[in-house]
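Next come the chains, spelled out residue by residue.
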Amino acid sequence: MACLGLLISAVGIPTAAHALDRVKIVIPRNSVFVLNYQGAKDAGVFRRHGIDLEVDVRPFAGFLAGLPSKQSLVGTYSGMDAIEKINEGIDWVVIGGGLTVIQDIIVRKDSAIKTIADLRGKKLGTFSTGAGAFKAARAAILDATGFDVAKDTKLVQLAAPALLKLLEDGRVDAMINISSLTIRALAHPDKFRSIFSPNDYWRQKTGYPIVWSAPIVAWGSWVKADPARARNFVAATEDSFRWLRKPENLDAAVKKYGTLAGVTDPAEIATYKKMLGAKQIFLAHWDRKVADAEWKFLEVAQHYGVLAKVPSEKDHALLVGE
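Residues numbered from 1 in each chain as written. Predicted model: local features only at pLDDT ≥ 70, side-chain atom pairs only at ≥ 80, totals over all residues. Heavy atoms only, no water.

> Would you take a moment to explain the pairing of strand 4 (residues 92–99) for this structure?
Both faces of the sheet carry side chains from a regular strand, because those side chains alternate between them. With respect to burial, strand 4 is a largely interior element, eight of its eight residues being buried. For strand 4 and strand 10 (residues 214–219), the ladder comprises six bridges, and the chain directions are antiparallel. Each bridged residue has a counterpart across the sheet, and for Val93 the counterpart in strand 10 is Ala218. (Buried < 20%, exposed > 50% of the residue type's maximum accessible area, 1.4 Å probe, protein only. Helix = DSSP H or I, 4+ residues; strand = E, 2+ residues; numbered from the N terminus. Pairing = 2+ DSSP bridges.)

> Explain the packing of aromatic side chains to me, please; I cannot follow it from the model alone.
The geometry of an aromatic ring pair is captured by two quantities: the separation of the ring centres and the angle between the planes. Enumeration according to the criterion identifies 14 aromatic pairs in this entry. Pairing Trp202 with Phe297 gives two aromatic rings, centres 5.1 Å apart and planes at 80°, and the pair type is edge-to-face. Of this pair, Trp202 sits in helix 9 (residues 198–206) while Phe297 is found in helix 14 (residues 288–303), placing the two residues 95 residues apart along the sequence. Given a relative accessible area of 0%, Trp202 falls into the buried group. Considering the side-chain rings of Trp222 and Phe233, the 6.4 Å spacing of their centres and the 85° angle between planes classify their relative orientation as edge-to-face. In this pair, Trp222 sits in helix 10 (residues 220–225) while Phe233 sits in helix 11 (residues 227–244), placing the two residues eleven residues apart along the sequence. Residues Trp222 and Phe233 agree in their burial class; the two are buried. Its end group placed over the ring of Trp219, Lys70 keeps NZ or CZ at 4.4 Å from the ring centre. (Phe/Tyr/Trp six-rings, centres within 6.5 Å; stacked < 30°, edge-to-face > 60°. Lys NZ or Arg CZ within 6 Å of the ring centre and 35° of its normal.)

> How should I be thinking about helix 13 (residues 266–277) in this particular structure?
Because an α-helix packs 3.6 residues into every turn, residues spaced three or four apart end up facing the same way. For helix 13, built from twelve residues, the straight-helix expectation of 16 Å at 1.5 Å per residue is met to within 8% by its first-to-last C-alpha distance of 16 Å. Contacts made by the buried residues of helix 13 are with helix 8 (179–186), helix 11, helix 12 (247–261) and strand 11 (282–283). Two or three places before Ala267, at the opening of helix 13, Asp265 has a side-chain oxygen 3.0 Å from that residue's backbone nitrogen. Remark: Lys279 follows helix 13 within two positions and exhibits a positive phi of approximately 60°. (Expected span 1.5 Å × (residues − 1). Contact = heavy atoms within 4.5 Å. Polar contact = N/O pair within 3.5 Å; in protein donor to acceptor, adjacent residues only side chain to side chain.)

> How should the side chain of Arg193 be read in this particular structure?
Mapped onto the secondary structure, Arg193 falls in strand 9 (residues 192–196). For the buried Arg193, no salt bridge exists, and the shortest N-O distance to an oppositely charged side chain is 7.1 Å, to Asp110. One polar contact links the side chain of Arg193 to the main-chain carbonyl oxygen of Lys109, over a distance of 3.2 Å. Residue contacts for Arg193: discarding those within four places in its chain leaves Ile105, Ile106, Val107, Arg108, Lys109, Ser111, Ile113 and Lys114. (Lys, Arg positive; Asp, Glu negative; His and termini not counted. Salt bridge = Lys/Arg side-chain N within 4 Å of Asp/Glu carboxyl O.)

Right, here's the structure in full:
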C-alpha cells in the first residue's frame, strides 16, 4: 500500500481532453452532504475536475451499506466505522478530509448542567451508541476530562428527531445527536446550549478538528486502478466543501435541495452559514500534518478502549493530492 501512495503522487492532473470519469457516491438524506455534493455538482465543480458524479441519496442505513456492498467505491463515510472495518481486514483507505465531529454535548438553556462532570448519573440521549460520531465524541471527552459518557451517565438511545424533542421536554438531560439536529439545536440559543465541543477540544490540542464523522474513504483497489481519478475526485470533493462556504452558494443549494437535506428553517440556515464560514463543519484539505493529527486521535480512542486497535497510518492514510 505504501508504494501505492508513491504511485499516486507521481500521477499528473489529466488534460482538458481527458474523458470524464464516472464516479458514484452514496450519501445520507437529511445531511449537509446533500448540499455540498448536489449543489456543487450542479455548479460544475466536479466536471471541472474531470468527474462525472452520480449522487445516490438514501436513508442513513442505506448510506452505511453503500460502500461495504461496493454499490459505491468511494465517498464520505462514517469515519470510526471505516477504521473498524479496516481493522477487520477490509481493503479501505482514507484519502481526504470531510465532515468533522460537530456533535457537541447539548443541554437545555435553563439546565443546571454546566460541565461534563455534571452529567454523572444523568440521562444522556444519543441517536446510536454504535455511531462513529458518538464514539469519537466519547473518546474526545475521555481525553479532555476523564469522564466516560458510556459508563458515567444513564444512556438513552432514540431516533434522532425524537431525541431532540425529549431534550426539549426535559425527559433527557443532555444529548449527542446527528449533525443536522445538533445544528438545529445550536440555531436556537434561546432553548439550547453546548457544554462541550469535540472539534474545539481537538483543534486546541493539535490545530485541527476531528474528521472522523465522515472523511473521504475508498476501496484501495479503486484507488490503485486509476490514481488520477482518485486524485481528481478528492480535489473536487474538497472544492465542494469550500464551494458551500460561500453564502450565495449555500442559498442556492438550500433553495433546490433544502428539504432533502433537512435544512429549511431560517435560523438553521443562518447557523450553517456561520459555521461554514468559520470552517467549523468541513475539513477541506488532507496532508501529512492533518493525517498525523487524525491518527493521533485514533491512538487516543484506542488508549481509552473506544477502538480495539489503530491501523497503519502509512498504509491507510493516502495523500492522493500530493
